[in-house]
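Below are the chains, spelled out letter by letter.
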Amino acid sequence: PPCSALGLRPKLHIDTQTSHELSKFAEYQRKFVGNAVSLLKPGGTMTYSTCTINACENEDMVKYILSEFPIMELVPVNTDMPGLPGLPDRGLTEEECQMIRRFDPSDEGDTMGFFLAKFVKSRS
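Summary of the structure given here. Owing to the predicted nature of the structure, the values given are computational and were not obtained by experimental measurement. Here the residue index of a chain counts from 1 through its sequence in written order. Reporting of local features is limited, given that this is a predicted model, to residues whose pLDDT is at least 70; pairs of side-chain atoms are given and counted only at 80 or more, and all residues count toward the totals for whole chains, interfaces and linings. Derived side-chain values reflect all non-hydrogen atoms in the structure, with water molecules and hydrogen atoms excluded from consideration.

### Quick look at the overall build of the chain
When helices and strands are counted, the chain shows three helices and four strands. Mapped in sequence order, the helices and strands of the chain form the string α-β-α-β-α-β-β. Each residue gets one of three labels from its accessible area relative to the maximum for its type: buried under 20%, exposed over 50%, partly exposed in between, using a 1.4 Å probe on protein chains only. The proportion of buried residues among the 124 residues of the chain is 36%. Whether two residues are in contact is decided by their heavy atoms, any of which lying within 4.5 Å being enough. In the chain, the proportion of contacts linking residues at least 24 apart, taken out of those at least 6 apart, comes to 65%. When the accessible surface of the chain is split by element, carbon and sulfur atoms take 55% of a total near 7,100 Å². To qualify as a helix, a DSSP run of H or I must reach at least 4 residues; to qualify as a strand, a run of E must reach at least 2; elements of each kind are numbered from the N terminus. The Shrake-Rupley method, run with a 1.4 Å probe, gives the accessible areas here. Residue values count only the displayed protein chains as cover.

Right under this line is the structure:
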């Protein structure tokens with residue numbers, strides 16, 4: 001599976017996965033992202049989304065994309081959309097945190113946990 005799926009109900013607890021096992025999902029996702037960026041045409045949009053609440057697979061991946069692929073620009077997800085901004089203290093600026101959306105099962109929105117970020121590949 002491409003993500004840990006920690007946001008899916010009823011899988012809201014970690015019973016057999018260690019933090020080391022969880023980190024493997026981010027490694028797998030970095031490979032997906034690398035391929036996606038290379039295939040994306042200049043001016044194209046890439047959506048990065050997971051069905052997990054794990055920050056290593058969410059905010060940390062946004063930071064990875066921005067640092068490893070300077071040709072990729074983070075753009076705001078529709079801020080009228082419900083959900084929360086990205087978590088602080090994960091290497092993103094406050095402005096970057098406001099551009100992404102995190103949905104948490106513990107939030108009042110009563111949704112499964114998932115994450116959404118949007119990027120555009122520059123034309124140069």
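What follows picks up the thread again.
### Some remarks on helix 2 (residues 59–68)
Three or more residues of helix 2 are buried, namely E59, M61, V62 and I65. Viewed end-on, helix 2 has its buried residues packed into an arc of 160 degrees, placing them on one side of the element. Summarising the contacts, the buried residues of helix 2 are in contact with helix 1 (19–39), strand 1 (45–50), strand 2 (72–75), strand 3 (101–103) and strand 4 (114–121). Relevant arc is that of directions from the helix axis to the C-beta atoms, nothing else.

### Here we look at the packing of aromatic side chains
Stacked, edge-to-face and tilted labels apply to pairs of Phe, Tyr and Trp rings (six-membered ring for Trp) whose centres lie within 6.5 Å, assigned for plane angles under 30 degrees, over 60, and everything in between, in that order. Applying the stated criterion across every chain yields a total of four aromatic pairs. Where Y28 meets F32, the ring centres are 4.9 Å apart and the plane angle is 70 degrees; that geometry is what we call edge-to-face. Of this pair, Y28 and F32 both sit in helix 1, four residues apart, which is roughly one turn of the helix. The exposure class assigned to Y28 is partly exposed, which follows from its relative accessible area of 41%. Its relative accessible area of 44% is what places F32 among the partly exposed residues. A ring has a charge above it when a Lys NZ or an Arg CZ is no more than 6 Å from the ring centre and no more than 35 degrees off the ring normal. Here R30 stacks its cationic end above the ring of Y64, 5.6 Å away from the centre of that ring.

### Comments concerning the nonpolar core
V33, M46, Y48, V62, M72, A117 and F119 are the most contacted members of the largest nonpolar core, which totals 19 residues. Elements supplying a minimum of two residues to this core: helix 1, strand 1, helix 2, strand 2, helix 3 (94–99) and strand 4. If near-sequence neighbours (up to four positions away) are discounted, Y48 is found in contact with Q29, V33, E57, N58, M61, I65, F115, L116, A117 and F119. Side-chain atoms within 4.5 Å are what join buried Ala, Val, Leu, Ile, Met, Phe, Trp, Tyr and Cys residues into a set we call a nonpolar core.

### A look at helix 1
Because an α-helix packs 3.6 residues into every turn, residues spaced three or four apart end up facing the same way. Taking 1.5 Å per residue, 21 residues should reach 30 Å; helix 1 reaches 31 Å between its end C-alpha atoms and fits that length. Among all positions in helix 1, only L22, F25, A26, Q29, V33 and V37 are buried. The arc that holds the buried residues of helix 1, viewed along the axis, is 105 degrees, so those residues lie on one side. Of the exposed residues in helix 1, the ones pointing more than 90 degrees away from its buried face are H20, K31, S38 and L39. If you follow the buried residues of helix 1, they end up packed against strand 1, helix 2, strand 2 and strand 4. Take the number of residues in a helix, subtract one, and multiply by 1.5 Å to get its expected span.

### Quick notes on unusual backbone geometry
Although it is not a glycine, D89 sits at a positive phi angle of roughly 65 degrees. Within the fold, D89 resides in the loop between strand 2 and helix 3. Exposure remark for D89: the relative accessible area of 76% places this residue in the exposed category.

Such coordinate-based values are descriptive only and should not be taken to indicate function.
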